[in-house]
There are 2 protein chains.
Amino acid sequence: MAIFSKTCEYAIRAVLYVAHKTTTGNKVGIKDIAAGIDSPELYLAKILQDLSRKGLISSVKGPNGGFYINELSLSRPLSDIVEAVDGNGLFVGCALGLKQCSEVNPCPLHHQFKAIRDQIHAVLRTNTIGKFNEELVNGLLSLKK
Amino acid sequence: MAIFSKTCEYAIRAVLYVAHKTTTGNKVGIKDIAAGIDSPELYLAKILQDLSRKGLISSVKGPNGGFYINELSLSRPLSDIVEAVDGNGLFVGCALGLKQCSEVNPCPLHHQFKAIRDQIHAVLRTNTIGKFNEELVNGLLSLKK
DNA sequence: TCAATTAAAGATAAAAATGTCTTTTATTAT
DNA sequence: ATAATAAAAGACATTTTTATCTTTAATTGA
Ligand code: FES
Ligand code: FES
């Protein structure tokens with residue numbers, strides 16, 4: 001098990017790739033994105049269609065079309081992507097799968113995991129989609145392999 | 001998405017339940033465990049068979065048989081259960097699904113998530129299976145609902 | 001207007017995770 | 001020995017996740 005679902009991993013990597021490409025050049029096609037983040041093209045298309053419907057990224061059809069991201073979305077936190085794809089279970093759910101995480105009926109890991117959960121949430125809330133563009137341009141960060 | 005797979009959630013809850021029952025009374029049957037942690041009985045049976053094969057818990061067949069746990073296993077860390085069921089992906093894998101988490105080819109979340117990952121690992125390594133028995137007896141902690 | 005391009009949408013498929021059923025084996029008490 | 005009990009094992013079923021294929025719709029440029 002990983003922290004995020006495969007779908008969510010692709011989603012985050014793809015959105016960061018689109019952000020990076022948008023700020024340097026222009027729109028970017030699905031084929032380019034899939035190659036850029038090393039993901040199955042047609043599956044990724046589905047994911048991006050979903051994110052597009054939800055307003056996280058934008059797209060236009062036709063020649064010179066493709067995916068891009070607007071200024072406003074660049075400042076949205078990564079948690080928005082995670083919530084859109086995996087829901088908020090990671091942020092509010094019980095570590096051991098109890099129906100309801102609560103102080104009054106805590107599972108054995110409640111106290112220690114609440115802290116970790118909040119930290120995960122904090123990291124994802126405080127990092128914006130646009131935040132990594134510079135380092136992606138510099139090649140200091142990687143989205144594939 | 002939750003932190004652990006459903007299978008792993010059941011596994012941890014069940015092992016803690018068996019530990020709790022072993023230290024208070026005696027061996028405990030699969031039916032009792034399933035009811036005690038609110039999980040599908042036959043699925044849980046599979047999981048416990050696996051943990052038994054791997055030596056995390058013990059069992060005996062026949063009348064008055066059931067599952068129990070020995071002193072040694074009581075002192076084992078929860079991370080042993082997680083590794084047995086979900087593997088070590090949570091402890092060593094890349095948050096964004098890159099094939100190899102590394103300092104030289106880090107994903108955008110590498111630095112911040114490495115810290116979190118290590119914390120998760122630390123929590124699971126420092127909490128033993130037997131650690132929660134007292135609070136489980138007191139009813140201060142819950143393994144169901 | 002037409003052809004080329006590219007994303008959207010819908011249908012299917014494959015794989016993995018989760019859950020159930022049936023038969024077998026070991027153990028115990030009678 | 002035999003019957004009852006309870007886990008082990010193996011086969012099967014369902015659901016969810018991941019991935020692919022095909023058709024449609026929108027956009028552009030010639
Ligand atoms: S009750 Fe389990 S994490 Fe809160
Ligand atoms: S490279 Fe992604 S977490 Fe280390």
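In what follows, the structure referred to is the one given above.
The rules behind the values
- Residue positions within a chain follow its written sequence, with the count starting from 1.
- Ligands are numbered from 1 and chains lettered from A, in the order in which they are written.
- Side-chain atom pairs in this predicted model are given and counted only at pLDDT of 80 or more, local residue features only at pLDDT of at least 70, and totals for whole chains, interfaces and linings cover all residues.
- Heavy atoms from the whole structure form the basis of all side-chain values; hydrogens and water molecules are not counted.
- We call a residue near a molecule or strand whenever a single non-hydrogen atom of that residue lies within 4 Å of it.
- Pairing of N or O atoms within 3.5 Å defines a polar contact, subject to two protein rules: one partner must be a possible hydrogen donor and the other a possible acceptor, and residues neighboring in sequence count only if both atoms are side-chain atoms.
- Secondary structure elements follow DSSP: runs of H or I of four or more residues count as helices, runs of E of two or more count as strands, with numbering from the N terminus.
- Amino acids are sorted into nonpolar (Ala, Val, Leu, Ile, Met, Phe, Trp, Tyr, Cys and Pro), charged (Asp, Glu, Lys and Arg) and polar (every other residue, Gly among them).
- For helices, the fitted line uses only the C-alpha atoms of the stretch in contact; every axis is such a line through C-alpha atoms, and the angle between N-to-C directions lies from 0 to 180 degrees.
- Each angle is binned into one of four classes, with values under 35 degrees roughly parallel, values over 145 roughly antiparallel, values of 65 to 115 roughly perpendicular, and all other values oblique.
- Left-handed describes a crossing whose near helix is turned anticlockwise from the far helix by less than a right angle; the clockwise case is right-handed.
- Contacts are assigned to residue pairs with any non-hydrogen atoms lying within 4.5 Å of each other.
- Three exposure classes are used, based on accessible area relative to the maximum for each residue type with a 1.4 Å probe and protein chains only: buried under 20%, partly exposed in between, and exposed over 50%.
- Here the positive residues are Lys and Arg and the negative ones are Asp and Glu; neither His nor the chain ends is included.
- When a carboxyl oxygen of Asp or Glu lies within 4 Å of a side-chain nitrogen of Lys or Arg, that pair is called a salt bridge.
- Least-squares superposition of the copies uses the C-alpha atoms of those residues scoring a pLDDT of at least 70 in each of them.
- In this description, a nonpolar core means a group of buried Ala, Val, Leu, Ile, Met, Phe, Trp, Tyr and Cys residues linked to one another through side-chain atoms lying within 4.5 Å.
- Any Phe, Tyr or Trp ring, taking Trp's six-membered ring, that has another such ring centre within 6.5 Å forms a pair; planes under 30 degrees apart are called stacked, those over 60 apart edge-to-face, and the others tilted.
- To sit over a ring, a charge needs its Lys NZ or Arg CZ within 6 Å of the ring centre and within 35 degrees of the ring normal.
- Accessible surface is computed with a 1.4 Å probe, and the buried area is the amount of it that two parts give up when combined, taken over both parts together.

Participant: Break down the protein's contact with DNA strand D for me, with residues and values.
Facilitator: Around DNA strand D, the surrounding shell holds 26 residues, and the nearest of these are Thr7 and Pro63 of chain A together with Gly29, Lys46 and Ser59 of chain B. Within 4 Å of the protein, the contacting atoms of DNA strand D are 57% sugar and phosphate, with bases supplying the remainder. With respect to DNA strand D, the side chain of Tyr10 of chain A contributes an N or O atom lying 3.2 Å from a phosphate oxygen. In this structure, Gly62 of chain B approaches DNA strand D through a main-chain N or O atom, which is 3.2 Å from a sugar or linking oxygen. At the level of elements, helix 1 (6-24) and helix 3 (41-53) of chain A together with helix 3 (41-53), strand 1 (58-60) and strand 2 (66-68) of chain B are the ones that each hand at least two residues to the surface near DNA strand D. Looking at which element gives the most residues to the surface near DNA strand D, the answer is helix 3 of chain B, with four residues. Partitioned by chemical class, the residues of the surface near DNA strand D number ten nonpolar, ten polar and six charged.

Participant: Go over the packing of helix 1 of chain A against helix 2 (residues 30-37) of chain A with me, naming the residues and quoting the values.
Facilitator: All names here are of chain A. In the contact formed by helix 1 and helix 2, the axes pass within 10 Å of each other and the chain directions differ by 115°. What the angle tells us is that helix 1 and helix 2 run roughly perpendicular. Crossing hand, helix 1 versus helix 2: right-handed. Here Tyr10, Arg13, Ala14, Tyr17 and Val18 of helix 1 come into contact with helix 2, specifically with Asp32, Ile33, Gly36 and Ile37. For the contact of helix 1 with helix 2, the per-class residue count stands at six nonpolar, one polar and two charged.

Participant: If you had to explain the side chain of Arg13 of chain B to someone new, which residues and values would you point to?
Facilitator: Its place among the elements puts Arg13 of chain B in helix 1 (residues 6-24). Although Arg13 of chain B is buried, it forms no salt bridge, and the closest oppositely charged side chain is Glu9 of chain B at an N-O distance of 4.7 Å. Here Arg13 of chain B is in contact with Leu96, Gly97 and Leu98 of chain A together with Ile37, Asp38 and Leu143 of chain B, once residues within four sequence places are set aside.

Participant: Account for the relation of the copies chain A and chain B, with residues named and values stated.
Facilitator: Structural alignment of chain A on chain B gives an RMSD of 0.0 Å, achieved by rotating through 180° and translating 0.0 Å along the axis. Taken together, these values place the two copies in the relation of a two-fold axis. The C-alpha atom lying nearest the rotation axis in chain A is that of Ile3 of chain A; the distance is 2.9 Å. Both copies share a contact surface, since 100% of the interface residues of chain A are interface residues in chain B too.

Participant: Give me the pattern of salt bridges: which residues, what numbers.
Facilitator: All names here are of chain A. Summed over all chains, the structure comprises twelve salt bridges over all chains. Here Arg53 ties to Asp50 by a salt bridge, and the two come within 3.3 Å at their closest N and O atoms. Here Arg53 pairs with Asp50, and both are found in helix 3, just three residues apart, close to one helical turn. Owing to a relative accessible area of 22%, Asp50 belongs among the partly exposed residues under this scheme.

Participant: Would you mind going over the nonpolar core in detail, with residue names and values included?
Facilitator: Residues Phe4, Ile120 and Ile129 of chain A together with Phe4, Ile120 and Ile129 of chain B are the most contacted members of the largest nonpolar core, which totals 94 residues. Apart from the residues lying within four places of it in its own chain, the contact partners of Ile129 of chain B are Val15, Leu16, Ala19, Leu56, Ile69, Ser73, Leu74, Arg76, Leu78 and Ile81 of chain B.

Participant: Break down the packing of aromatic side chains for me, citing the residues and quoting the values.
Facilitator: All names here are of chain B. Inspection of every chain in the model, using the stated rule, returns four aromatic pairs over all chains. Taking the centre distance of 6.1 Å and the plane angle of 80° together, the rings of Tyr10 and Tyr43 count as edge-to-face. Remark: Tyr43 occurs in helix 3 and Tyr10 occurs in helix 1; sequence separation between them is 33 residues. Given the relative accessible area of 11%, Tyr10 is considered buried. The ring centre of Tyr68 lies 6.0 Å from the NZ or CZ of Lys27, which sits over that ring.

Participant: Which residues make up the interface of chain A and chain B, and what are the values?
Facilitator: Counting residues at the interface gives 42 residues for chain A and 42 residues for chain B. Both sides together, the interface formed by chain A and chain B hides about 3800 Å², and carbon and sulfur atoms give 65% of it. When the buried area of chain A at its contact with chain B is split by residue, Met1, Leu96 and Pro108 of chain A rank highest and sum to 19% of it. Here chain A and chain B share two salt bridges between them. One salt bridge connects Lys99 of chain A with Asp38 of chain B, and the closest N-O pair in it is separated by 3.1 Å. Across the contact surface, chain A and chain B share 16 residue pairs in polar contact (both at pLDDT 80 or more).

What is shown is where atoms sit, not what they do.
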